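# Secondary and tertiary structure notes
Given next are the chains, with one letter for each unit.
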Amino acid sequence: MSRAEEQVRADIVEAGRRLYARAYVASNDGNISARLDDTRLITTPKSVSKGFMTPDMMVIVDYEGKKLAGDRDASSELPMHLEIYRSRPDVNAVVHAHPPLATGFAVAGIPLTRAVLAEVVTTLGSIPIAEYGTPSTRELPDAVRKYIKAHDGLLLANHGAVTCCKTVMSAYYKMETIEHFAKISLVARLLGRENLLSRGEVDRLQGLRGMYGIASPAAICTDPMQPPGDQALCQVLEAPESSTERLVPDVSSLLQQASRDGEIRLTYRELTALIADAVRNLRD
Ligand SMILES: [Zn+2]
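Computed from a predicted structure; not experimentally measured. (Residues numbered from 1 in each chain as written. Predicted model: local features only at pLDDT ≥ 70, side-chain atom pairs only at ≥ 80, totals over all residues. Heavy atoms only, no water.)

Turning our eyes to something else, we now look at the packing of helix α1 (residues 3-21) against helix α6 (residues 168-190). Running from N to C, α1 and α6 point in directions that differ by 15°, and their axes come no closer than 9 Å. It follows that α1 is roughly parallel to α6 by the angle criterion. Judged by the sense of rotation from one axis to the other, the crossing of α1 with α6 is right-handed. Between α1 and α6, the residues in contact are D11, I12, E14, A15, R18 and L19 and V168, M169, Y172, Y173 and M175, respectively. A breakdown of the residues in the contact of α1 with α6 according to their chemical character gives 8 nonpolar, no polar and 3 charged. (Axes fitted to C-alpha atoms, helices over the stretch in contact; angles between N-to-C directions. Helix = DSSP H or I, 4+ residues; strand = E, 2+ residues; numbered from the N terminus. Parallel < 35°, antiparallel > 145°, perpendicular 65-115°, else oblique. Left-handed = near helix turned anticlockwise from the far one by under 90°. Contact = heavy atoms within 4.5 Å. Nonpolar A, V, L, I, M, F, W, Y, C, P; charged D, E, K, R; others polar.)

The coordination sphere of the zinc ion contains the protein donors H96 (NE2), H98 (NE2) and H159 (NE2), at a distance range of 2.1 to 2.2 Å. Expressed as a motif, the donor residue spacing for the zinc ion is H-x1-H-x60-H. Residue H98 is located in the loop between β5 (93-97) and α3 (100-108), and its partner H159 is located in the loop between β7 (153-156) and β8 (160-165); the two are separated by 61 residues in the primary sequence. (Donors = N, O, S within 2.8 Å, 3.2 Å for Na, K, Ca; no water.)

On to helix α2 (residues 78-87), then. With 8 of 10 residues buried, α2 lies mostly within the body of the structure. Every buried residue of α2 is listed here: L78, M80, H81, L82, E83, I84, Y85 and S87. (Buried < 20%, exposed > 50% of the residue type's maximum accessible area, 1.4 Å probe, protein only.)

So, in structure tokens, the structure goes:
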């Protein structure tokens, strides 16, 4: 066994340990894979907790998914990994897990596509939701294919999340970023306000990618009029237009909420401000 293969096996064990320790997976969920060379992939075995793997447990398969070596069988989610390697020659590793907060967004059908955190804008851009597909069928790789050319991280509707990158640990870290971003987004929404970065600020952050050499499979686009098409070509981010402000109050979500269910939700402060305003108008 080459030194490189030993390292990849060790990295998969470590990434699996962290996925389980952070409760991004329960029971035997989740799977990790990596390219060994042009003809072989290495992947985690099925029916094993990813928190307690050893390097010898891994399965080696070809790019059609046929087993070449290993005592165990590969994950039933392997076709999704194979699809990602086919679509992304630049990617050497794939991580799939069910982190509970990101998966909650995937269940609610709410993509993580708002320009909120500069760090996430520069690294992942946007995190869309791939349409629901029955696990372990062709539906899942087909759903992933639409988005994976332009994104390093996706939510999977009513299922979980998948990330890819140049190494096992960097793909794992993208999973951490997605879950952390989901947690912060949830807290901001619970607090009743999510201020967004303006389009101008997003453009500035996109410029930083080039300056710091941050690799990204596609550019960010903030024009909501982009035609959807059957292949995502850019990372669509919700960022409001503003000629002056870099941080813009999130009023669009209030309006969207209103058109969706006919009611407008206001925070306590917004409501008291409205009443105070009305009282002042009555007096005048
Ligand atoms: Zn899964």
